[in-house]
Amino acid sequence: MTIVAMACKNNNEISAENYKDDNITSKIDSLLKLMTIEEKVGQMNQYNGFWDLTGPSPKGGTAAKKYEHLRKGWVGSMLNVRGVEQVRAVQKIAVEESRLGIPLIIGFDVIHGYKTLSPIPLAESASWDLEAIEQSSRIAAIEASSVGINWTFAPMIDIGRDARWGRVMEGAGEDPYLGSLIAKARIKGFQGDDLSSVNTIAATAKHFAGYGFSEAGREYNTVDIGTSTLHNVVLPPFKAAVDADVKTVMNSFNEINGVPVTGSPYLQRDILKGEWNFNGFVISDWASIREMISWGHAKNKSEAAKIAVTAGSDMDMEGYVYIEELAQLVKDDVIKEDLLDDAVRRILRVKFELGLFDDPYRYCDEVREKEMIGHPKHHEAVLDMAKKSIVLLKNENNLLPLKKEGQKIALIGALASDKNSPLGSWRLASDDNTAVSVLEGMQAYKGNSLVYKKGADVSVGKTAFVEEVRINTTDKSEFQSAITAAKSADVVVMVLGEHGFQSGEARSRTNLQLPGVQQELLEAVYKVNSNIVLVLNNGRPLAVSWADAHIPAIVEAWQLGTQTGNAVAQVLYGDYNPSGKLPMTFPRGVGQVPIYYNYKNTGRPKNVEGNVFWSHYIDSENTPLYPFGHGLSYTTFEYSNLKLNGSIFNIGNDITVSVDVKNSGDRDGKEVVQLYIRDLVGSVTRPVKELKGFDLVEIKAGDTKTITFTLDKTTLGFYNNQGEYIIEPGEFKVFVGGSSAQTLEADFELD
Ligand code: BGC
């Protein structure tokens, strides 16, 4: 018997027949009729659990009050409650002690795994491997659902062009096309084909919208973007998420055009719920409803509640605004009860779809919890994902892969032995120090002599509140022992970069160089031995221009999660041939940021007349250090024979583009073949390049494969400033290659 059935029988208002009806809408209708205004508001109220703070909590949110509200049925959801025992405890109160017994939906930030961690999302995106990414979210859902969680606040699908913003680590990088496909893959991984299955969880497309454009990369800052950027860059991944049936959308902390998104009817009602027909619910970000007061958009909590609910924010995350204000607003006739009904319907629908009304404890199974957490298959999967996420940025004279025998290797850098930092940011449920370090990974290869010296600490401890690291900017006392080890080594492997908690929420930086004394360490070691393989650990693009100019081999290893060390060692020793490609441009210096490949041409793109009046810097080239889509392999690929099935096409006809890709090296390898277009003249100016297709192909040494792409009406158009998708006739260019900067080129015309 379902809980609702019990509740309704007690109330005797509806015949039991209704509950045999499989139609969720009628079940919701029936339930809604039984609810008081306070109970409806309760469904729209989400409380943080009793630990794991992921934001600042207001005073008054005491545990006692939360328990009291649970009993009254005034809580629809909790976040940061985890573990079968804890989830069962709060669910039991909601289901067994509240009047209607409506189950809670339990949310958690499962960002890149639950306990067994996969690479940070930006790293996974570097794989361009949609199947692997879907699988990674699947594993995360299996682990998270086994501890009682049934809703993740992921994927984050904000486009990120500004490496100063710490949250680029959580996203898929700078490109809306790649970002849309990755969004779909992640949602599919979390939600599966059947949301009511016990190992699938509801996903959240966040943060809607524009949060990645925080001015100057400063967290929680204002956003000021034009209509064209909103429609062509920011919104497409969200549209893709809605098309992929994402169950919830989280709004963002920022304002757009002077209106905090939480209070924006244009974004939430007109676009999301109107035009896109989204029928899930919108969760606010942590206290973002209340924060409209600080923004100066609402004069008090009551006004904030009115603005947010009218604008379409359905659930208030740890903001205490809906629970304290909404009921009175309805009673005073300031807002219509219909608004509550709409929000509650959406929330209940997701709960029904999750099967929580059939069995509110369905995610609470101690046996499954024990079996699933840290399952060996999950370790295999995250290792596979980690290897696929690594990007080989530079490899002069084939310094890599390392030989397996007879080399003297000096491994240097505090991050090389760190078992915590590689877990990355947003890893609330994982245990500290559970990553395989690079040192451990390399020690598994026994044929070489390996000496380890840390050289210098990266961090010198953490501050108390939610993992903030203090960077070592002074202590060089261990430089000398690293230099000595490097002197007598054949190859030096240096693992340098950011600590895992230097990126993520509230970790904006104004400097994109190696933090602390690491650059000095690199240069000091280089003086005695230039045969260096630099392994970068970072949650954002870094400006490592000196390293690029001097260091022969550079490997981008991000923060790769639990299996970091094994993945890095297998790539360094050539047991895995890297194939990752950058999902975000690496700048030469922070002054170039925001920098991205799909920029606009400007009116003065070139130095044609030899004068100074063109769009450039006087102290840096315009080009990036490493472009979007860049990544090498231990083999080489040659592109030739770019062909189209015509040169003039009618709008509406498909265009076929083919290219031959030859593996011209002596190893089998994988290549991400990328296709870009340029619409030369538009009523709204178009970028110099736009990714519109890619294919991850495996090609045996010496073989050639012909890769074919189709361009159609879904890829050739763009959004005008009214937000309408249009295709305009005219000349186009098509580019195909192994990076956004190295491509073959052809032309065609749309008639
Ligand atoms: C973040 C969200 C997150 C929420 C709950 C907020 O501070 O912006 O992305 O899901 O906290 O932890």
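Remember, it's a predicted structure, so these values are computed and weren't measured experimentally.

Engineer: Explain helix 15 (residues 337–353) to me, using residue names and the numbers behind them.
Structural biologist: Along an α-helix, a turn takes 3.6 residues, which lines up residues three or four apart on a common side. Taking 1.5 Å per residue as the helical rise, helix 15 with its 17 residues ought to reach 24 Å, and the 24 Å between its terminal C-alpha atoms agrees with that figure. Here helix 15 has its buried residues at L340, D341, A343, V344, R346, I347, L348, V350, K351 and F352. Following helix 15 by one or two positions, G355 adopts a phi angle in the positive range, close to 85°.

Engineer: Which residues make up the sheet that holds strand 27 (residues 730–739), and what are the values?
Structural biologist: Pairing within the open sheet is mixed, and its five strands lie in the order 20-28-27-22-23. Only two strands of the sheet have a single neighbouring strand rather than two, namely strand 20 (648–649) and strand 23 (690–699). Summarising the sheet, strand 22 (residues 669–679) and strand 23 pair through nine bridges and their orientation is antiparallel. Residue pairing across strands places K670 opposite E698, the latter belonging to strand 23.

Engineer: Explain the environment of V593 to me, and be specific about the residues and the numbers.
Structural biologist: Relative to the assigned elements, V593 resides in the loop between helix 23 (564–572) and strand 19 (637–644). Note: C-alpha distance between V593 and R509 (84 residues apart in sequence) is 12 Å.

Engineer: Outline the packing of aromatic side chains, listing residues and values.
Structural biologist: Per the counting criterion, the structure on display carries 22 aromatic pairs. Ring centres 5.2 Å apart and planes at 70° place the aromatic pair F208 and F238 in the edge-to-face group. Taken as a pair, F208 in strand 5 (residues 204–208) and F238 in helix 10 (residues 236–243) lie far apart in primary sequence, 30 residues in all. Here F208 falls in the buried class, since its relative accessible area comes to 1%. Given a relative accessible area of 1%, F238 falls into the buried group. Ring geometry for Y526 versus W546: centroids 5.3 Å apart, planes at 85°, classification edge-to-face. With a gap of 20 residues between them, Y526 in helix 21 (residues 518–528) and W546 in helix 22 (residues 545–550) connect regions that are remote in the sequence. By relative accessible area, which is 25% here, Y526 ends up partly exposed. On the basis of relative accessibility, which here comes to 23%, the residue W546 falls in the partly exposed class. Each residue in the set W128, Y177, Y597, F628, Y676 and F694 is aromatic and connected to the rest through ring pairs, giving one cluster. If you follow K689 out to its NZ or CZ, it ends over the ring of F735, 4.7 Å from the centre.

Engineer: Go over unusual backbone geometry with me, naming the residues and quoting the values.
Structural biologist: With an omega dihedral of 5°, the bond running from A154 to P155 counts as a cis peptide bond. Looking at where P155 falls in the secondary structure, it is placed in the loop between strand 4 (151–152) and helix 8 (176–191). In this model, K206 is joined to H207 through a cis peptide bond whose omega is 0°. Here H207 shows up in strand 5. One non-glycine residue, D245, lies in positive phi territory at about 70°. Mapped onto the fold, D245 is located in the loop between helix 10 and strand 6 (248–251). You can call D245 partly exposed: its relative accessible area is 38%.

Engineer: So what's going on with the domain arrangement of the protein? Residues and values would help.
Structural biologist: Segmentation of the protein into domains returns domain 1 (389–592) and domain 2 (637–750). Each side of the interface is counted separately: domain 1 has six residues, and domain 2 has eight residues. Summed over both partners, the interface of domain 1 with domain 2 comes to about 570 Å²; 41% of that surface belongs to carbon and sulfur atoms. Its largest share of buried area at the contact with domain 2, domain 1 owes to N577, S579 and K581, together 75% of the area lost on that side. At the boundary of domain 1 and domain 2, one finds one salt bridge.

Engineer: Pulling in residues and values, what's your account of the pattern of salt bridges?
Structural biologist: Applying the stated criterion to the full structure yields 47 salt bridges. Where D162 meets R164, a salt bridge forms, and the shortest distance between an N and an O atom there is 2.7 Å. Here the two residues D162 and R164 agree in accessibility, since each one is buried. Here D432 makes a salt bridge to R427, at a shortest N to O gap of 2.5 Å. On the basis of relative accessibility, which here comes to 7%, the residue R427 falls in the buried class.

Engineer: Requested: an account of a nonpolar patch on the surface, with residues and values cited.
Structural biologist: Together, V612, F613 and I618 give the surface a local cluster of nonpolar side chains, amounting to about 380 Å² of exposed area. Position of V612 among the secondary structure elements: in the loop between helix 23 and strand 19.

Engineer: An account of the pairing of strand 1 (residues 45–48) is requested, with residue identities and associated values reported.
Structural biologist: Burial along strand 1 is two-sided: N45 and Y47 and Q46 and N48, pointing in opposite directions, are all buried. Note that strand 1 and strand 10 (residues 316–317) share two bridges and pair parallel. Opposite N45, over in strand 10, you have D316 as the bridge partner. Summarising the sheet, strand 1 and strand 2 (residues 77–79) pair through three bridges and their orientation is parallel. Residue pairing across strands places Y47 opposite M78, the latter belonging to strand 2.

Engineer: Describe the packing of helix 20 (residues 479–487) against helix 21, listing the residues and the values that go with them.
Structural biologist: How two helices sit against one another is set out by the angle between their axes and by the gap between those axes. It is the contact of helix 20 with helix 21, at a shortest axis distance of 9 Å, that shows an interaxial angle of 35°. Taken as a pair, helix 20 and helix 21 cross one another with a handedness that is right-handed. Only E520, L521, A524, V525 and V528 of helix 21 make contact with helix 20, whose side of the interface consists of F479, A482, I483, A486 and K487. Here the residues of the contact of helix 20 with helix 21 are counted per class, giving eight nonpolar, no polar and two charged.

Conventions used here
- Residues numbered from 1 in each chain as written.
- Predicted model: local features only at pLDDT ≥ 70, side-chain atom pairs only at ≥ 80, totals over all residues.
- Heavy atoms only, no water.
- Helix = DSSP H or I, 4+ residues; strand = E, 2+ residues; numbered from the N terminus.
- Expected span 1.5 Å × (residues − 1).
- Buried < 20%, exposed > 50% of the residue type's maximum accessible area, 1.4 Å probe, protein only.
- Pairing = 2+ DSSP bridges.
- Phe/Tyr/Trp six-rings, centres within 6.5 Å; stacked < 30°, edge-to-face > 60°.
- Lys NZ or Arg CZ within 6 Å of the ring centre and 35° of its normal.
- Domains from an automatic or database assignment.
- Contact = heavy atoms within 4.5 Å.
- Buried area = accessible area lost by both parts, 1.4 Å probe.
- Salt bridge = Lys/Arg side-chain N within 4 Å of Asp/Glu carboxyl O.
- Patch = residues over 30% accessible without salt bridge, like charges linked within 9 Å, V, L, I, M, F, W, Y side chains within 5 Å.
- Areas by Shrake-Rupley, 256 points an atom, 1.4 Å probe, with all protein chains shown as cover.
- Axes fitted to C-alpha atoms, helices over the stretch in contact; angles between N-to-C directions.
- Left-handed = near helix turned anticlockwise from the far one by under 90°.
- Nonpolar A, V, L, I, M, F, W, Y, C, P; charged D, E, K, R; others polar.

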